[in-house]
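Listed here are the chains, written in short residue letters.
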Amino acid sequence: MTQDDLFKNIIAHAKEYGFVFPSSEIYDGLSAVYDYGQMGVELKNNIKSYWWEAMVRLHQNIVGLDAAIFMHPKIWEASGHVGAFNDPLIDNKDSKKRYRADVLLEDYLAKQQEKIDKEVEKGQKRFGDAFDRVQFLSTNPNVLRVKEKIDTISQRMSEALHKNDLEGLRQLILDCEIACPVSGSRNWTDVRQFNLMFSTQMGSLNEEANQIYLRPETAQGIFVNFLNVQKTGRMKIPFGIAQIGKAFRNEIVARQFIFRMREFEQMEMQFFVRPGEEMNWYNYWKEARLRWHTSLGLGPERYRFHDHDKLAHYANAACDIEFAFPFGFKELEGIHSRTDFDLSQHQKFSGRKQQYFDPETNESYVPYVVETSIGLDRTFLAVLSAAYTEEHIAEGESRVVLRLPAVLAPVKAAVLPLVKKDGLPQKAREVWQLLTYDMNTQYDEKDSIGKRYRRQDAIGTPYCITIDHQTLEDNMITLRERDSMTQERIPVSAIRSRILEHISLGEALRKI
Ligand code: ATP
């Protein structure tokens, strides 16, 4: 199965089992907007808790915040979003399709990289065990030719983006002979800047002054509340403020399912530090965040750092944690050392001091900030795509199982009476009662037991509990484990603690 087919199957599965629906589907949908269904909302809430508790509960010097989505419009001038939160867009005159100029070039570069990967594959086949990858990459003439091309194009692209040279970007698209994937033509318009913020009107007057924005990131809500939280919480530097909330971006090219949406959720933490100490904290948070990701058990090989060589004007260090999605390694989280840019800008634009008095040094200063910013929806997609497994289990028998981390699974246990009679449903409901105050539990008595197991596998339920006639006599149930499908008889009195041990958030946090 190709990665493309795999991704299509994951999207179809997400819909079929109530994880993610296209928004406004009965009206043919709304581009790049999605709704989370009955299973999706549980998984999403569990991811939020895993992040929130790891940030706020495990760090005495990190507290939470829930700022409003609407904010004073001047905030977005101060932050630079009104002036510079732009993407370069280009239209194909024949297909009338719109693209991000930088994405067209990145896709082109990815295709060149694929050519190198194919050469490596060919080399591996030809030389077998004697194949030396490093030597091959540094000597094979085909590889070297493509590599040089990639370097030149990347260099020209990053210079054009940095200098805001829109004509340069267009020329590069023409020089690379990039054609529109829909029309196949190279009939391109000029490249224009497009601001990604959604705006709307507040109040009844339709005046310019009432124009406000839907926040494109949650971070600014934290910056403008920095002193409120610091003073009322008597916080001492270094300390952090964490927030989970919606953000909105009018993305030009919204694709890849919930990877790039126009309405999405971020989980951000801004960590305020003494000027000069930001690099230590930046490195600390890089490691801490990677540890959080790998603690989910999806496999360390699915993550990698991507350090930024070209930094945004406000940053003095930045990297992404990338995840191996079905469509390749892509950004999942950003870690940025933002200097004192944001607080200084708000000081300037609001006319209010944004300083901290440090009792240890007897000095007042504008703190520096290290930010960790992760997309909730992207984490959802990462978890879902890593968990999705199509499995052949026996002759002519297969199953789709979501091998979700137990702590994140929407349903933790399913209680299944073997048959719908002989007092088994009553006994099963008793067991359900026993568990339901501690965990999300389903009761299911429809269809054969095999079908019921498949349904629970498909939503990633770690445990199935089967009640049979024997249960009525010896008070023992069959506990079936999702991944190994092993079954074991245990007493009813032992089920609760047995399952709790594996699904408990506390236990999972302890292992980070
Ligand atoms: P990208 O380069 O993919 O557009 P970004 O660098 O603009 O992302 P940030 O501004 O650093 O992203 O936002 C922090 C995080 O928010 C990202 O790592 C990502 O997980 C998430 N995110 C950003 N834009 C979107 C979006 N349109 N849909 C879903 N998640 C998003």
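The notes below deal with the structure included here. These numbers come from a predicted model, not from an experiment. (Residues numbered from 1 in each chain as written. Predicted model: local features only at pLDDT ≥ 70, side-chain atom pairs only at ≥ 80, totals over all residues. Heavy atoms only, no water.)

Time to look at the packing of aromatic side chains. The tally for this structure, following the rule as stated, stands at 23 aromatic pairs. Geometrically, the ring pair formed by Phe7 and Phe257 is edge-to-face, given 6.4 Å between the ring centres and 75° between the ring planes. Here Phe7 is found in helix 1 (residues 3–16), whereas its partner Phe257 is found in the loop between strand 9 (239–248) and strand 10 (263–273), with 250 residues between them in sequence. Both residues of the pair, Phe7 and Phe257, belong to the buried class. Ring centres 5.0 Å apart and planes at 90° place the aromatic pair Tyr284 and Trp285 in the edge-to-face group. Put simply, the rings of Phe7, Tyr34, Phe257, Phe259, Tyr303, Phe323, Phe325 and Phe327 pair up and form one aromatic cluster. Lys286 extends its terminal NZ or CZ atom over the ring of Phe305, reaching a point 4.8 Å from the ring centre. (Phe/Tyr/Trp six-rings, centres within 6.5 Å; stacked < 30°, edge-to-face > 60°. Helix = DSSP H or I, 4+ residues; strand = E, 2+ residues; numbered from the N terminus. Buried < 20%, exposed > 50% of the residue type's maximum accessible area, 1.4 Å probe, protein only. Lys NZ or Arg CZ within 6 Å of the ring centre and 35° of its normal.)

As a further point, take the environment of Ala219. Structurally, the position occupied by Ala219 is in helix 9 (residues 219–223). You can call Ala219 buried: its relative accessible area is 0%. A sequence separation of 187 residues divides Ala219 from Ala32, and the C-alpha atoms of the two residues are 22 Å apart. In this structure, Ala219 is in contact with Glu268, Gln270 and Glu371, ignoring residues within four places of it in sequence. (Contact = heavy atoms within 4.5 Å.)

Right, let's get into the sheet that holds strand 5 (residues 98–100). Pairing in this open sheet of three strands is antiparallel, and the strands run 5-4-6 from one edge to the other. If you trace the sheet from one side to the other, it starts and ends with strand 5 and strand 6 (192–195), each paired once. Within the sheet, the average angular offset between the axes of one strand and its neighbour, ignoring direction, is 45°. Pairing of strand 4 (residues 86–91) with strand 6 involves four bridges; the strand directions are antiparallel. Of the residues in strand 6, the one forming a bridge with Pro88 is Gln193. Lying on the sheet, helix 5 (residues 101–127) is in contact with strand 4 and strand 5; it crosses strand 5 at an angle near 70°. (Pairing = 2+ DSSP bridges. Axes fitted to C-alpha atoms, helices over the stretch in contact; angles between N-to-C directions.)

Pro238 follows Ile237 through a cis peptide bond whose omega is 5°. Position of Pro238 among the secondary structure elements: in the loop between helix 10 (226–232) and strand 9. You will see that Phe257, though not glycine, has its phi angle at about 60°, which is positive. Judged by relative accessible area, Phe257 falls into the buried class, the value being 7%.

Okay, the side chain of Arg289 next. If you trace the backbone, Arg289 turns up in helix 11 (residues 278–294). Arg289 sits in the buried class, given a relative accessible area of 3%. Not counting residues within four places of it along the chain, the set of residues in contact with Arg289 comprises Trp51, Met55, Ile321, Glu333, Ile335, Thr372 and Ile374.

Moving on: the pairing of strand 13 (residues 328–337). Where strand 12 (residues 317–325) lies against strand 13, nine bridges are found, and the strand directions are antiparallel. Residue pairing for strand 13: Asp320 is matched across the bridge by Gly334. Connecting strand 12 to the antiparallel partner strand 13 that follows it, the hairpin turn spans two residues. The pairing of strand 13 with strand 16 (residues 368–375) spans five bridges and is antiparallel. Bridge pairing in strand 16 places Glu333 opposite Ile374.

On to the sheet that holds strand 21 (residues 463–467). Read from one edge to the other, the open sheet built from five strands follows the order 20-19-21-22-23, with strand pairing classed as mixed. Single-partner strands in this sheet number two, and they are strand 20 (441–443) and strand 23 (487–491). Between one strand axis and the next, the sheet turns by 25° as a mean value, whatever way the strands run. For strand 22 (residues 476–481) and strand 23, the ladder comprises five bridges, and the chain directions are antiparallel. Directly across from Arg480, in strand 23, lies its bridge partner Gln487. Set on the sheet, helix 14 (residues 424–436) makes contact with strand 19 (413–417), strand 20 and strand 21; between it and strand 20 the angle comes to about 170°.

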